[in-house]
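Understanding the architecture of this molecule
Listed here are the chains, written in short residue letters.
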Number of protein chains: 2
Amino acid sequence: MTCSILSIGDELLIGQVVNTNASWLGDQLTSLGITVAAIINIGDDRGLIAREIERLASTNDLLIISGGLGPTHDDLTREAICDLLGCQLRIDEEQLRRIEQRFAERGLPINERSIRQAAIPESCRTIANNYGSAPGLSFTLGACRAYALPGVPMELKGIFGDEIIAEIAPEADTIERQTLLMFGLTESALADQLQELNTLLGDGLTLAYLPAFGGIRLRAMRNGSKDNAEERFKKLVEGIATLSARWIVSTRHETMAAAVGALLHERGLTIAVAESCTGGTVGMLLTETPGSSAYFLGGVISYANSLKQGMLGVAESDLQQHGAVSQQVAIAMARGVRQRTGSDLAVAVTGIAGPDGGSPEKPVGTVWIAAVSSTRTIVERFQLGREREVVRARAAHLALWLVQRLVVESEEEIVG
Amino acid sequence: MTCSILSIGDELLIGQVVNTNASWLGDQLTSLGITVAAIINIGDDRGLIAREIERLASTNDLLIISGGLGPTHDDLTREAICDLLGCQLRIDEEQLRRIEQRFAERGLPINERSIRQAAIPESCRTIANNYGSAPGLSFTLGACRAYALPGVPMELKGIFGDEIIAEIAPEADTIERQTLLMFGLTESALADQLQELNTLLGDGLTLAYLPAFGGIRLRAMRNGSKDNAEERFKKLVEGIATLSARWIVSTRHETMAAAVGALLHERGLTIAVAESCTGGTVGMLLTETPGSSAYFLGGVISYANSLKQGMLGVAESDLQQHGAVSQQVAIAMARGVRQRTGSDLAVAVTGIAGPDGGSPEKPVGTVWIAAVSSTRTIVERFQLGREREVVRARAAHLALWLVQRLVVESEEEIVG
């Protein structure tokens with residue numbers, strides 16, 4: 001089954017909103033074994049919306065449309081569907097009642113604009129929206145089944161999960177997938193390591209390299225059963241686990257922070273963070289995962305040096321002698337937050353995110369990270385480039401990686 | 001001038017990577033007065049890449065292609081361009097030398113895979129990449145000028161800024177834009193407030209509502225000079241400033257965190273944060289802005305209650321009596337971090353992000369935020385819905401809003 005995603009909204013084209021909806025849908029559809037052929041973003045243009053739906057419906061079995069179902073004058077999806085299907089809008093009494101009730105519950109006055117969201121193209125079936133005012137819509141065009149959802153992420157995800165998965169899942173092809181999150185080596189080096197496995201690929205078996213700040217995500221996917229595909233899939237996954245064992249962070253479909261959190265939770269360990277240049281990013285990443293309170297105590301954002309001293313006990317002499325961005329201060333920050341919070345482990349990040357602050361000895365992108373436990377210290381210096389957001393994001397993920405190594409390598413030492 | 005953006009990569013379709021490149025390009029192009037008609041994401045499929053380039057080139061003056069220029073077997077953009085233009089790949093000696101030098105500088109061994117990145121379609125002009133191995137490519141197809149850039153964000157942004165803007169800018173239409181970042185009211189309510197201005201719109205003048213966690217971004221845009229468009233643009237912007245003055249956070253093209261940071265910097269004020277459920281998000285947002293060290297000292301991530309007591313001095317009796325998510329604890333956290341860091345202002349966030357932790361009196365989404373100065377306290381309770389990531393993101397932005405109000409309303413009181 002082939003699917004395309006059509007995201008409607010000027011805000012996407014001018015770069016004011018990043019298309020996280022499409023990424024979420026792509027992930028959901030792929031998990032169901034549905035091949036996502038394309039993601040299209042267009043603006044709030046009634047004629048273009050109708051033309052694009054028609055074009056995509058001619059080459060896809062499934063079309064997920066999002067956006068343009070809101071209450072303002074630039075929300076035109078309903079009208080475009082009417083133009084395309086040759087039908088009229090009618091006010092749906094049930095929808096109107098639901099909208100009136102939503103507004104009443106929140107003590108907000110309803111207005112004509114919101115009533116517009118109860119208007120449904122006659123040729124569409126409505127799909128319940130338990131998260132907002134605009135109902136989803138469903139229709140067929142030729143051999144293509146199409147759904148139109150609100151662009152508000154929570155509403156889109158809610159409706160998709162509640163109503164649409166059940167309708168489309170039975171028709172998805174049977175596949176097998178394995179994801180491996182790798183960290184600590186370049187894409188090119190990893191590709192070299194796994195080169196001998198390339199002979200297994202093809203005829204329904206693919207291996208994709210999907211880089212992100214949190215490392216490289218390998219995605220092995222079997223689609224169909226031609227030519228011993230099941231056996232080749234097994235050999236591929238085992239091969240990766242053997243050839244690149246050292247760099248595997250997780251074999252689950254989770255972020256690096258979730259993987260590290262799961263490891264800490266499994267081992268019954270708590271952690272605290274001391275962050276300078278990352279400003280709270282490490283804490284933010286760790287707390288994205290529900291249940292992180294089981295292992296994450298919190299920490300200190302010691303952006304100013306006065307806080308490194310006052311809240312973490314970093315010695316003024318260390319700051320004077322070595323500077324805030326140094327091995328000594330990184331270790332002192334980590335030990336300081338561990339001691340003050342009572343955590344089992346701690347990780348500290350101190351660096352120069354840029355664009356200012358660099359020097360010949362410590363250029364922009366210089367970051368020291370220290371991970372400490374009661375018995376071990378791992379401390380490393382990294383050069384993370386010249387772009388502020390990249391330096392911060394990479395530093396935060398490297399901090400998570402050092403924590404993972406701190407836990408796993410301790411056990412290797414004890415065992416080995 | 002009309003432009004489309006073609007982003008190539010399986011990782012985009014399966015939702016493993018969000019298409020921030022396209023959003024960034026959309027923003028850049030729109031700033032130049034170029035209309036972005038569509039953003040297309042497709043997979044690493046050689047035939048489809050060629051077909052989509054051909055299709056988009058027939059309806060656009062400009063086409064920006066990203067992705068598929070890397071060193072692995074699924075990087076196929078060069079080959080697809082050759083198929084389309086009917087030319088061959090040739091190794092460019094200059095590019096090869098640059099790649100060898102890049103690897104030598106970093107002390108990394110070069111491999112055959114990376115040498116592939118020096119192969120150029122004969123009909124393309126190369127564009128210097130000072131940030132990575134793969135050069136950009138430029139070619140024309142019919143009346144369309146096309147550029148192919150690496151998908152690595154830093155490289156794409158670097159090449160676009162260094163080389164491409166200068167080539168495409170002179171041809172952009174003359175426009176006028178004004179952005180206003182609004183916070184504290186719903187899109188629907190804002191639309192009602194501004195209703196009388198709708199008569200100004202049309203004939204080259206548009207007003208877009210672009211919601212995001214940081215509020216609603218209004219974008220007034222004039223494209224051309226028909227029918228007193230310049231005069232109408234001026235009336236529109238002045239009208240918004242008059243009718244909705246109370247909710248304007250910024251009139252610059254900046255995030256809420258940057259706007260609040262600029263306000264603090266302007267007033268010579270410093271700030272510290274005390275974060276519980278947001279886990280470091282507020283600090284992360286504030287430190288995204290270069291130069292934030294002028295006003296941001298840092299703070300405490302008091303995820304566990306023990307840290308609220310130990311690091312912020314929150315009284316155990318308050319925690320017992322009112323609970324961690326309460327007005328009293330929010331104020332105590334804010335005052336505690338202000339006192340311990342010596343900052344002028346402080347903001348604290350404590351809430352239930354979910355999915356667990358809710359109760360009838362304090363359901364998931366209950367968040368208390370307190371903003372304090374030496375003379376004033378603003379403290380409010382919010383109900384932010386049931387979705388963890390939404391609760392956290394909205395809470396972080398509301399925290400910034402309360403800081404803004406703390407500063408601005410103080411001045412209003414003194415003046416008024």
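Residues numbered from 1 in each chain as written. Chains lettered and ligands numbered in written order. Predicted model: local features only at pLDDT ≥ 70, side-chain atom pairs only at ≥ 80, totals over all residues. Heavy atoms only, no water.

Here we come to the overall build of chain A. Secondary structure assignment for chain A yields 15 helices and 17 strands. Dimensions of chain A along its principal axes, counting C-alpha atoms only, are 75 × 60 × 40 Å. Across chain A, contacts joining residues at least 24 apart in sequence account for 67% of those joining residues at least 6 apart. By element, 49% of the accessible surface of chain A is carried by carbon and sulfur atoms, the whole surface being about 16,300 Å². (Helix = DSSP H or I, 4+ residues; strand = E, 2+ residues; numbered from the N terminus. Contact = heavy atoms within 4.5 Å. Areas by Shrake-Rupley, 256 points an atom, 1.4 Å probe, with all protein chains shown as cover.)

To continue, consider the pairing of strand β8 (residues 144–149) of chain A. All names here are of chain A. In terms of residue burial, β8 counts as a mostly covered element, since five of its six residues are buried. Summarising the sheet, strand β3 (residues 62–66) and β8 pair through five bridges and their orientation is parallel. Bridge assignment links S66 to a residue of β8, and that residue is L149. Pairing geometry for strand β7 (residues 136–141) and β8, over five bridges, is antiparallel. (Buried < 20%, exposed > 50% of the residue type's maximum accessible area, 1.4 Å probe, protein only. Pairing = 2+ DSSP bridges.)

This part takes up the interface of chain A and chain B. Between chain A and chain B, the residue contacts involve 84 residues of the former and 84 residues of the latter. Interface area for chain A against chain B, summed over the two sides, is near 6,400 Å², with a carbon-plus-sulfur share of 57%. Of all residues in chain A, the largest losses of buried area upon contact with chain B belong to L13, I14 and Y303 of chain A, amounting jointly to 9% of the total for that side. Taken together, chain A and chain B are joined by four salt bridges. Between D10 of chain A and R219 of chain B there is a salt bridge, with its nearest N and O atoms 3.9 Å apart. In terms of residues, the side of chain A that touches chain B owes the most to one element, strand β2 (residues 35–42) of chain A, which gives seven residues. Residue composition of the side of chain A that touches chain B, by class: 35 nonpolar, 29 polar and 20 charged. With five bridges connecting them, β2 of chain A and strand β2 (residues 35–42) of chain B associate as antiparallel partners. Within β2 of chain B, the position partnered with A38 of chain A by the bridge is I42 of chain B. (Buried area = accessible area lost by both parts, 1.4 Å probe. Salt bridge = Lys/Arg side-chain N within 4 Å of Asp/Glu carboxyl O. Nonpolar A, V, L, I, M, F, W, Y, C, P; charged D, E, K, R; others polar.)

Strand order in this open sheet of 12 strands is β6(A)-β7(A)-β8(A)-β3(A)-β1(A)-β2(A)-β2(B)-β1(B)-β3(B)-β8(B)-β7(B)-β6(B), and the pairing throughout is mixed. Two strands lie at the open edges of the sheet, namely β6 (125–127) of chain A together with β6 (125–127) of chain B, each paired on one side alone. Strand-to-strand twist across the sheet, computed as the mean angle between neighbouring axes with direction ignored, equals 20 degrees. (Axes fitted to C-alpha atoms, helices over the stretch in contact; angles between N-to-C directions.)

Glancing now at the nonpolar core. Counting 82 residues, the largest nonpolar core has I369 of chain A together with I369 of chain B as the members making the most contacts within it. Discounting residues that sit within four places of it in the chain, I369 of chain A has contacts with V347, A348, V349, I378, V379, E380, F382, A395, L398, A399 and L402 of chain A. Counting 52 residues, the second largest nonpolar core, distinct from the first, contains A272, V325, A334 and V337 of chain A. (Core = buried A, V, L, I, M, F, W, Y, C linked by side-chain atoms within 4.5 Å.)

Okay, the packing of helix α3 (residues 46–57) of chain A against helix α4 (residues 77–85) of chain A next. Residue and element names in this part refer to chain A. Between α3 and α4, whose axes approach to 8 Å, the crossing angle comes to 60 degrees. For the element pair α3 / α4, the angle class is oblique. Crossing angle aside, the handedness with which α3 passes α4 is right-handed. Only T77, E79, A80, I81, D83 and L84 of α4 make contact with α3, whose side of the interface consists of R46, I49, A50, I53 and E54. (Parallel < 35°, antiparallel > 145°, perpendicular 65-115°, else oblique. Left-handed = near helix turned anticlockwise from the far one by under 90°.)

Moving on: the relation of the copies chain A and chain B. For the pair chain A and chain B, the superposition axis carries a translation of 0.0 Å, the fit reaches an RMSD of 0.1 Å, and the rotation angle comes to 180 degrees. The transformation relating the two chain copies, once decomposed into turn and shift, fits a two-fold axis. The fraction of interface residues of chain A whose copies in chain B are also interface residues reaches 100%, indicating that both copies meet through the same surface. (Least-squares fit on C-alpha atoms with pLDDT ≥ 70 in both.)

Our next topic: the pairing of strand β9 (residues 175–182) of chain B. Residue and element names in this part refer to chain B. As defined by bridge partners, β9 adjoins strand β11 (residues 215–223) across eight bridges and the pair is classed as antiparallel. The partner of T179 across the bridge, within β11, is R219. Across two bridges, the pairing between β9 and strand β12 (residues 248–250) is antiparallel. Bridging from a neighbouring strand, L181 pairs with S250 of β12.

Turning our attention to the packing of aromatic side chains. Residues and elements named next belong to chain A. With the rule as written, the count across this model stands at six aromatic pairs over all chains. Taking the centre distance of 5.3 Å and the plane angle of 45 degrees together, the rings of F183 and W401 count as tilted. Remark: W401 occurs in helix α15 (residues 388–415) and F183 occurs in the loop between β9 (175–182) and α8 (187–193); sequence separation between them is 218 residues. F183 sits in the buried class, given a relative accessible area of 6%. Here R405 stacks its cationic end above the ring of W401, 4.6 Å away from the centre of that ring. (Phe/Tyr/Trp six-rings, centres within 6.5 Å; stacked < 30°, edge-to-face > 60°. Lys NZ or Arg CZ within 6 Å of the ring centre and 35° of its normal.)

Residues and elements named next belong to chain A. We note that the domain assignment places domain 1 (2–171), domain 2 (175–250) and domain 3 (256–415) within chain A. Averaged C-alpha coordinates put domain 2 and domain 3 at centres separated by 30 Å. Listed as interface residues are eight residues of domain 2 and, on the opposing side, nine residues of domain 3. The contact between domain 2 and domain 3 buries some 740 Å² in all, and 81% of this surface belongs to carbon and sulfur atoms. Inspection of the region where domain 2 meets domain 3 yields zero salt bridges. Put simply, domain 2 and domain 3 have zero residue pairs in polar contact (both at pLDDT 80 or more) between them. A class-by-class count of the residues in the side of domain 2 that touches domain 3 yields five nonpolar, three polar and no charged. (Domains from an automatic or database assignment. Polar contact = N/O pair within 3.5 Å; in protein donor to acceptor, adjacent residues only side chain to side chain.)

Below, the discussion takes up the sheet that holds strand β14 (residues 296–301) of chain A. One open sheet accounts for 10 strands, arranged β17(A)-β16(A)-β15(A)-β13(A)-β14(A)-β14(B)-β13(B)-β15(B)-β16(B)-β17(B); its pairing is mixed. Unpaired on one side and paired on the other, β17 (377–383) of chain A together with β17 (377–383) of chain B mark the two borders of the sheet. Within the sheet, the average angular offset between the axes of one strand and its neighbour, ignoring direction, is 15 degrees. Here strand β15 (residues 345–351) of chain A runs beside strand β16 (residues 366–372) of chain A; their pairing, made up of six bridges, is antiparallel. Bridging from a neighbouring strand, T350 of chain A pairs with W368 of chain A of β16 of chain A. Against the sheet, helix α12 (residues 305–312) of chain A contacts β13 (271–275), β14 and β15 of chain A together with β14 (296–301) of chain B, and its axis sits at roughly 30 degrees relative to β14 of chain B.

Residue and element names in this part refer to chain A. Enumeration over the complete set of coordinates arrives at 32 salt bridges over all chains. The residue R55 makes a salt bridge to E52 at a minimum N-O spacing of 3.0 Å. One end of the pair, R55, and the other, E52, are both in helix α3, three residues apart, so they sit about a helical turn from each other. Given a relative accessible area of 26%, R55 falls into the partly exposed group. A residue is classified by how much of its surface remains accessible, and E52, at 9% relative accessible area, is buried.

Before going further, it helps to spend a moment on the environment of V403 of chain B. All names here are of chain B. In this structure, V403 sits in helix α15 (residues 388–415). Between the C-alpha atoms of V403 and V337, which are 66 residues apart in sequence, the distance is 15 Å. Beyond its immediate sequence surroundings of up to four residues, V403 is in contact with V260, L264, I271, L345, V347 and A371.

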